[in-house]
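Structural overview
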Amino acid sequence: LRDNDCIVHKCTQTENPVLDDPIEVVCSTEEVLVVNKPCSMPIHPCGAYRFNALTSIIEHEATVAGSARLQAPLEKDWDILRPTHRLD
């Protein structure tokens, strides 16, 4: 290396794919959002999943008009989601 040399490091982040099935909105009120998610989709960002997680997708798709991922419009803009239970 010499003076004024520029070193560039490029990193590509890829995530494992999840099923592209729509997220079924079972119930949406001011206090509660109940959904039925595809089985391959994690609930919250963790490990190799940052954007292909249920909370990330809903937070993003709720702001997009006519979203194809959500089967029904939401009652409110869910900017913060806190998962509580998983029903199998």
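Let me begin by describing the structure that accompanies this report.

So, how was this worked out
- Residues numbered from 1 in each chain as written.
- Predicted model: local features only at pLDDT ≥ 70, side-chain atom pairs only at ≥ 80, totals over all residues.
- Heavy atoms only, no water.
- Patch = residues over 30% accessible without salt bridge, like charges linked within 9 Å, V, L, I, M, F, W, Y side chains within 5 Å.
- Areas by Shrake-Rupley, 256 points an atom, 1.4 Å probe, with all protein chains shown as cover.
- Salt bridge = Lys/Arg side-chain N within 4 Å of Asp/Glu carboxyl O.
- Helix = DSSP H or I, 4+ residues; strand = E, 2+ residues; numbered from the N terminus.
- Buried < 20%, exposed > 50% of the residue type's maximum accessible area, 1.4 Å probe, protein only.
- Pairing = 2+ DSSP bridges.
- Contact = heavy atoms within 4.5 Å.

What follows concerns a nonpolar patch on the surface. Taken together, Val26, Val32 and Val34 make up a surface patch of nonpolar side chains, about 220 Å² in accessible area. Of note, Val32 is situated in the loop between β1 (24–28) and β2 (33–36).

Next up on the list: the environment of Val18. For Val18, the position within the fold is in the segment before β1. On the basis of relative accessible area, Val18 is assigned to the buried category, the value being 17%. For the pair Val18 and Cys39, spaced 21 residues apart in sequence, the C-alpha separation works out to 8.5 Å.

What follows covers the pairing of β2. As judged from the four bridges shared by β1 and β2, these two strands associate in the antiparallel manner. Paired with Glu24 across the strands is Asn36, a residue of β2. Following β1, the chain reverses through four residues before pairing antiparallel with β2.

Structurally, Pro45 can be placed in the loop between β2 and α1 (54–61). On the basis of relative accessible area, Pro45 is assigned to the partly exposed category, the value being 39%. Sequence spacing of Pro45 and Ser56 is 11 residues, and the spatial spacing of their C-alpha atoms is 7.1 Å.

Residue placement: Lys37 occurs in the loop between β2 and α1. Between the alpha carbons of Lys37 and Val25 there is a distance of 8.8 Å; along the sequence they are 12 residues apart. Apart from residues lying up to four places away in sequence, Lys37 is in contact with Ile43 and Leu54.

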